[in-house]
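Commentary on secondary and tertiary structure
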Amino acid sequence: MIDFLHLVFALSIGFAIGLFYFSCLWLTVQQLTRTQHPVLLMVGSGVARLSIALLGFSLTTDGYWERLLAALLGFVLARSLLIARWRIETPLEDLLVGE
């Protein structure tokens, strides 16, 4: 029972890490047109997001591959949820320039 609770905890922490990671990525992309140094923003944001995500996974899994797998599943679930939420409903033909 304890192991199951650890897996549920890892899944939920992975989901939270995914929400953080992809929400920050979305905010970074939104700011790219407004900044004077877009490369610095992308690199700095990427390093910060990746560092925090890796630290979160490391602390959550505690060396157990089962917990890592559950956390990664939560991370991917968060990604899928955010993609569905932020999906553009405009047809691709309307987005193409020059046609």
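Rules used in this analysis
Counting of residues starts from 1 at the beginning of each chain's written sequence and follows it residue by residue. pLDDT decides what is reported in this predicted model: residues at 70 or higher carry local features, side-chain atom pairs at 80 or more are listed and counted, and totals for whole chains, interfaces and linings draw on all residues regardless. Excluding hydrogens and water, the side-chain figures rest on all heavy atoms present in the structure. Going along the chain from the N terminus, every DSSP run of H or I of four or more residues is numbered as a helix, and every run of E of two or more is numbered as a strand. Only heavy atoms enter the contact rule, under which two residues are in contact if any of them lie within 4.5 Å. We get accessible surface area from the Shrake-Rupley algorithm with a probe of 1.4 Å; when it comes to residues, only the shown protein chains can shield them. Three exposure classes are used, based on accessible area relative to the maximum for each residue type with a 1.4 Å probe and protein chains only: buried under 20%, partly exposed in between, and exposed over 50%. For helices, the fitted line uses only the C-alpha atoms of the stretch in contact; every axis is such a line through C-alpha atoms, and the angle between N-to-C directions lies from 0 to 180 degrees. In this scheme, roughly parallel covers angles under 35 degrees and roughly antiparallel covers those over 145, while 65 to 115 is roughly perpendicular and the rest are oblique. Crossing handedness follows the turn of the near helix against the far one: under a right angle anticlockwise gives a left-handed crossing, and clockwise gives a right-handed one. Here the nonpolar group is Ala, Val, Leu, Ile, Met, Phe, Trp, Tyr, Cys and Pro; Asp, Glu, Lys and Arg are the charged ones; every other residue, Gly included, is treated as polar. Expected span of a helix, by definition, is 1.5 Å for each gap between consecutive residues, and there is one gap fewer than residues. Here, the arc refers to the directions that run from the helix axis to the C-beta atoms. Aromatic pairing here means that ring centres of Phe, Tyr or Trp (its six-membered ring) are within 6.5 Å. Orientation follows from the plane angle: under 30 degrees is stacked, over 60 is edge-to-face, and everything else is tilted. The rule for a charge over a ring is simple: NZ of Lys or CZ of Arg within 6 Å of the ring centre, and within 35 degrees of the ring normal. A score from 0 to 100, pLDDT tells how confident the predictor is in each residue.

The secondary structure content of the protein amounts to 4 helices and 0 strands. Along the chain direction, N to C, the helices and strands of the protein fall in the order α-α-α-α. Residue pairs in contact within the protein that sit at least 24 positions apart in sequence constitute 76% of those at least 6 positions apart. Surface accessibility of the protein: about 7,400 Å² in total, with carbon and sulfur atoms responsible for 70%.

Our next topic: the environment of Cys 24. Mapped onto the elements, Cys 24 comes out in helix α1 (residues 2–31). Overall, Cys 24 belongs to the partly exposed group, its relative accessible area being 22%. C-alpha of Cys 24 to C-alpha of Arg 49: the two residues are 25 residues apart in sequence and 7.4 Å apart in space.

This next bit is on the packing of helix α2 (residues 38–61) against helix α3 (residues 65–86). The interhelical angle for the contact between α2 and α3, taken along N-to-C directions, is 140 degrees, at an axis separation of 9 Å. On the basis of the axis angle, α2 is oblique to α3. Judged by the sense of rotation from one axis to the other, the crossing of α2 with α3 is right-handed. Only Arg 67, Leu 68, Ala 71, Leu 72 and Phe 75 of α3 make contact with α2, whose side of the interface consists of Phe 57, Thr 60 and Thr 61. Here the residues of the contact of α2 with α3 sort into 5 nonpolar, 2 polar and 1 charged.

Counted at 1.5 Å a residue, the expected span for α3 with its 22 residues is 32 Å, and the 31 Å between its end C-alpha atoms agrees. What α3 keeps buried is the set Arg 67, Ala 70, Ala 71, Gly 74, Phe 75, Ala 78 and Leu 82. Seen end-on, α3 carries its buried residues on one side only, within an arc spanning 145 degrees. Among the exposed residues of α3, those oriented more than 90 degrees off its buried face are Trp 65, Leu 69 and Ala 84.

Going through the model one piece at a time under the given rule, you end up with 5 aromatic pairs. Taken together, the ring pairs connect Tyr 21, Phe 22, Phe 57 and Phe 75 into an aromatic cluster. Stacked on the ring of Tyr 21, the Lys or Arg Arg 49 has its end atom at 4.8 Å from the ring centre.

A word on the environment of Leu 81. Assignment of secondary structure puts Leu 81 in helix α3. Residues Leu 81 and Gly 18, spaced 63 residues apart in sequence, show a C-alpha to C-alpha distance of 9.9 Å.

Low pLDDT means the predicted atomic positions in that stretch should not be read closely. Per-residue confidence for the protein gives a mean pLDDT of 89, with 87% of residues at or over 70. By mean pLDDT, the top-scoring element of the protein is α2 (95), and the lowest-scoring one is helix α4 (residues 92–95) (61).

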